[in-house]
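Working through the structure, step by step
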Amino acid sequence: MSSISDVGSVLDHLNIGSKNTDKPKSNELGQAEFLELLMVKMQNQDPLSPQDDTAFIAELAQFSELEEIEKLNSNFSNFSSAMMSNQALQASALVGRSVTVPTNSATLQLGNVVSGSAELPASTSDMTINIYGETGALVESIPLGYQSAGEVVFRWDGMFLEANGEMLDWQSSQPEGVPAGVYRFEVMASVDGEPTQLDTALSANVNSVTIGSGGQLTLNLAGIGPVAMSDVKQFN
């Protein structure tokens, strides 16, 4: 596997723009060789029992069919390579940007925010976001109160929290907010009278992109690590 962080390295990895022509293998049977063998066969057949014309036509048709299949395989291979290169170029453009993925941990950077979401199966009158520091100690407990069923989206900058586009009447107990670092989020809600922990998705910066041997794309996220491209919920 190789790691990339810009478009140029993606092109180098996929060898775009410097297409190499494969040299024909000495043991390959091409169209000219097939026709030559067919002519030799016709010249050396038994004149008293010549091969039926239908048999020659069948052999030619079979060779043409095999040749078309080879062309189809070659075209499909080129199409697959083009798709891989396009995906890699798109992924390389994400380096330095933020994406949202299923996780309960995120890195709060100085002067930045952590974006997140949780799926609420039913309306609740009691929803809370608990935020824990790297040592596991609870650093913030933020009441969101009543929330309707569906996706609850929030943004936290270490001092204030915004939920579904509205700033809450709440702020951190620390005068300047919590410091930068890695934090774990626990979203709790009362669902059908039972306290329930909801699955969360949080934002993270893309540090680099890794291309696997089979063309799989993996995003290497700050504070999280490798995440498959298919697991990304949102490109911020």
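Residues numbered from 1 in each chain as written. Predicted model: local features only at pLDDT ≥ 70, side-chain atom pairs only at ≥ 80, totals over all residues. Heavy atoms only, no water.

Quick look at the overall build of the protein
Helix and strand content of the protein: three helices and 15 strands. Residue burial in the protein is summarised as follows: out of 236 residues, 33% are buried. Long-range contacts, defined here as pairs at least 24 residues apart, represent 64% of the contacts in the protein between residues at least 6 apart. In the structure as shown, the protein presents an accessible area of about 14,700 Å², 52% of it carried by carbon and sulfur atoms. (Helix = DSSP H or I, 4+ residues; strand = E, 2+ residues; numbered from the N terminus. Buried < 20%, exposed > 50% of the residue type's maximum accessible area, 1.4 Å probe, protein only. Contact = heavy atoms within 4.5 Å. Areas by Shrake-Rupley, 256 points an atom, 1.4 Å probe, with all protein chains shown as cover.)

Notes on the side chain of Ser172
Positionally, Ser172 belongs in the loop between strand 9 (166-167) and strand 10 (181-191). Accessibility expressed as a relative area gives 5% for Ser172, which makes it buried. Among the polar contacts listed, one links the side chain of Ser172 to the side chain of Glu140, at a separation of 2.5 Å. Other than its neighbours up to four places away in sequence, Ser172 contacts Glu140, Gly158, Met159, Gly177 and Val178. (Polar contact = N/O pair within 3.5 Å; in protein donor to acceptor, adjacent residues only side chain to side chain.)

Here we look at the packing of aromatic side chains
Each aromatic ring pair is characterised by the separation of its centres together with the angle its planes make. For the structure on display, the rule yields three aromatic pairs. Between Trp156 and Tyr183, the ring centres sit 5.5 Å apart and the planes meet at 85°, which makes this aromatic pair edge-to-face. With Trp156 in strand 7 (residues 150-156) and Tyr183 in strand 10, the pair connects residues that are 27 residues apart, well separated along the chain. With a relative accessible area of 0%, Trp156 lands in the buried category. Residue classification places Tyr183 among the buried positions, given a relative accessible area of 7%. Look at Trp156 and Phe185: their rings are 5.6 Å apart centre to centre, the planes differ by 85°, and that puts the pair in the edge-to-face class. Of this pair, Trp156 sits in strand 7 while Phe185 is found in strand 10, placing the two residues 29 residues apart along the sequence. (Phe/Tyr/Trp six-rings, centres within 6.5 Å; stacked < 30°, edge-to-face > 60°.)

Side note on the pairing of strand 10
Here strand 3 (residues 105-108) runs beside strand 10; their pairing, made up of four bridges, is antiparallel. Bridge pairing in strand 10 links Ser105 to Arg184. Note: strand 5 (residues 124-132) against strand 10, six bridges, orientation antiparallel. Paired with Ile131 across the bridge in strand 10 is Phe185. Pairing geometry for strand 10 and strand 11 (residues 194-198), over five bridges, is antiparallel. Bridge assignment links Ala189 to a residue of strand 11, and that residue is Thr196. Following strand 10, the chain reverses through two residues before pairing antiparallel with strand 11; Asp192 in that reversal takes a positive phi of roughly 55°. (Pairing = 2+ DSSP bridges.)

A closer look at the nonpolar core
Across soluble globular proteins, you tend to see nonpolar side chains buried next to one another. Counting 25 residues, the largest nonpolar core has Met127, Ile129, Ile142, Leu144, Trp156, Leu161 and Phe185 as its most contacted members. Those residues within four positions of Met127 in sequence are excluded, and the remaining contacts are Ala118, Leu120, Ile142, Pro143, Leu144, Gly145, Gln147, Val152, Val187, Met188, Ala189 and Leu198. Of all hydrophobic cores here, the second largest spans 12 residues; its members include Ile211, Leu217, Leu221 and Val232. (Core = buried A, V, L, I, M, F, W, Y, C linked by side-chain atoms within 4.5 Å.)

A look at the side chain of Thr103
Here Thr103 lies in the loop between strand 2 (98-102) and strand 3. Thr103 has contacts with Thr200, Ala201, Leu202 and Ile224, leaving out every residue within four places of it along the chain.

A few points about unusual backbone geometry
At Asn164, a position not held by glycine, the phi torsion is positive, near 50°. Relative to the elements of secondary structure, Asn164 occurs in the loop between strand 8 (161-163) and strand 9.

Description of the environment of Arg184
Inspection of the secondary structure puts Arg184 in strand 10. Separated by 54 residues in the primary sequence, Arg184 and Asn130 have C-alpha atoms spaced 8.2 Å apart. The residues touching Arg184, leaving out its near neighbours within four places in the chain, are Asn104, Ser105, Asn130, Ile131 and Tyr132.

Examining the confidence of the model for the protein
Across the protein, the average pLDDT comes to 80, with 68% of residues at 70 or higher. For the stretch residues 6-11, pLDDT sits under 50, and the model shows 10 contacts to residues farther than four places along the chain or on other chains. Every residue in residues 13-21 scores below 50 in pLDDT, and together they form eight contacts with partners more than four places removed in sequence or on other chains. (pLDDT = per-residue confidence, 0-100.)

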